[in-house]
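Here's the letter readout for the chains.
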Amino acid sequence: MRISSFSGFLSYVRKALRSPATFGRMALVMVAVALPTVWLSGVGAAAQDQGQQAGQAAEQTLVWTADNSYTAYKSAPTTATAGLVTIVFETNASTGNTFGMTHTLTFDDDSPGYNHDVNINIMASPFDTSGGRHEVQVNLTPGTYRYYCEIPGHAGMVGELVVTSPEPTDTTPPQVSASVSGEQNADGDYVSSASVTVSATDAESGVDTVEYALDGGEFQAYTAPVPVNQVGEHTVRYRAADKAGNTSEVQSVTFTVVAPQPKDTTPPTVSADVSGTKDTDGDYVESATVTISATDAESGVDTVEYALDGGEFQAYTAPVPVNQVGEHTVRYRATDKAGNTSDVATTGFTVVAAPPPAETPLTVTASSRCLGTSVYVAVTAVNDGDVPATVALTTPYGTKTVADVAPGKQAYQSFNARATQIGAGEVTVTGTSSIDGEKVTTPYEAAYSAISCG
Ligand SMILES: [Cu+2]
């Protein structure tokens, strides 16, 4: 044990002090300081290695002092933060040691319940080569260290040093954001005024300051939502700093404040369009579709309504088909979001039935008669159309085709039945003409009566 050899040394020193004449005073001082210097060189070297490993200078200095008392250190730290620490142990006239007393600062290296990872054993006295002041660097870890003075009879000089973990270092700036609120128009602009709210959070050291700058202005402290009333485009820049001194990058939000719109007192403009297939009279063939359009430059169109013929007004949502043949009236109106309703407007139109299919019009007659004792069947087809027609006359007694029968003219043929009497029957006539560029063939039938010529 170190203490056994050391106490031997101390008794030697005490004897020497009581009889200074035995030795030269110089020699005594040399011996007294030689040993602690050797000890300290070992501790210091170890501490220096730890410091180099940590790669940084010690930021904490812990100072123990001792005076003439052998029951307590004059001063000693009680707490420290883990990490590289400069330990100072001083006992000399400036700390009240006027007797030339020797003390040690020794860290307990075996008692249960204490940290034993730091080896400190500093002997100091006012007359050593350091003048009683010694300094070493060590790396303290979280936990409790016990220290004491090793000098026999100094058992009361004991204490504990509690070391805690350092706070983590905050290197992340705050998160900062801004929102703009207020009444917005359809373009997203703020009507009359806007309010800018800046929010910042910092998960580590916490938010220290929030600042904003309006348009080209200087940054200033943000304490409450910022009202912006001036009409125009605005930019608010903002940033926040945390308690560790990290400042966020400057961000910005841009928005526009516009003057309030004057009240809308103008009703919508509304119109109706009728579409469909028109005939030459301008009537709609089979159906018409009514499309209603409304615009409102200020508050905007709210509702469009229509009423067909004598019906009630109803919401207009899509073009209205009208299929019923006859004359129709559609009334219509629109209302804007400010409650202005247009005058009722009216559109009228007529729907007519589809025209009959094209035909070659003929008037066909057939008759039976006697010529002597012979029966003849006579067929006449008058072209009632506007264009020439080819007319085919067909009877049980023969067929005759007459081309290019002019309008108003007729095709005629009398067929010899080669009999003295015949029963009643029918003839078939077809008329073919070109109508609107297409050949149209229309069949007709005509009856003739029974006859006897005998
Ligand atoms: Cu002591």
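Rules and cut-offs
- Residues numbered from 1 in each chain as written.
- Predicted model: local features only at pLDDT ≥ 70, side-chain atom pairs only at ≥ 80, totals over all residues.
- Heavy atoms only, no water.
- Helix = DSSP H or I, 4+ residues; strand = E, 2+ residues; numbered from the N terminus.
- Buried < 20%, exposed > 50% of the residue type's maximum accessible area, 1.4 Å probe, protein only.
- Contact = heavy atoms within 4.5 Å.
- Areas by Shrake-Rupley, 256 points an atom, 1.4 Å probe, with all protein chains shown as cover.
- Donors = N, O, S within 2.8 Å, 3.2 Å for Na, K, Ca; no water.
- pLDDT = per-residue confidence, 0-100.
- Core = buried A, V, L, I, M, F, W, Y, C linked by side-chain atoms within 4.5 Å.

Caption draft 1: Focus on the overall build of the protein. Check the secondary structure of the protein and you find two helices and 33 strands. When the 454 residues of the protein are sorted by exposure, 37% land in the buried category. If you take every contact in the protein between residues at least 6 apart in sequence, the share linking residues at least 24 apart comes to 60%. Accessible area for the protein stands at about 24700 Å²; split by element, carbon and sulfur atoms hold 50% of it.

Caption draft 2: Inspection of the coordination of the copper ion at higher detail. Note on the copper ion: its protein donors are H103 (ND1), C149 (SG) and H154 (ND1). The metal-donor distances range over 1.9 to 2.2 Å. Written as a sequence motif, the donor arrangement for the copper ion is H-x45-C-x4-H. Residue H103 is located in strand β4 (residues 103-107), and its partner C149 is located in the loop between β7 (143-148) and β8 (158-164); the two are separated by 46 residues in the primary sequence.

Caption draft 3: Spotlight on the confidence of the model for the protein. Residue-level pLDDT values for the protein average 88, and 87% of them are 70 or greater. This stretch, residues 1-55, has a pLDDT under 50; its non-local contacts, to residues over four places away or in other chains, come to 52 contacts.

Caption draft 4: Layout of the nonpolar core. Ranked by internal contacts, the top residues of the largest apolar core, which has 26 residues, are W64, Y73, I87, F107, L140 and L161. Every element with two or more residues in this core is listed here: β1 (60-65), β3 (83-90), β4, β5 (121-124), β6 (133-140), β7 and β8. When residues no more than four places from it in sequence are discounted, the contact partners of W64 are Y73, S75, A76, P77, I87, V88, F89, E90, L105, F107, Y147 and L161. Core analysis: the next-biggest nonpolar cluster, separate from the first, contains 22 residues, V377, A381, V427 and Y444 among them.

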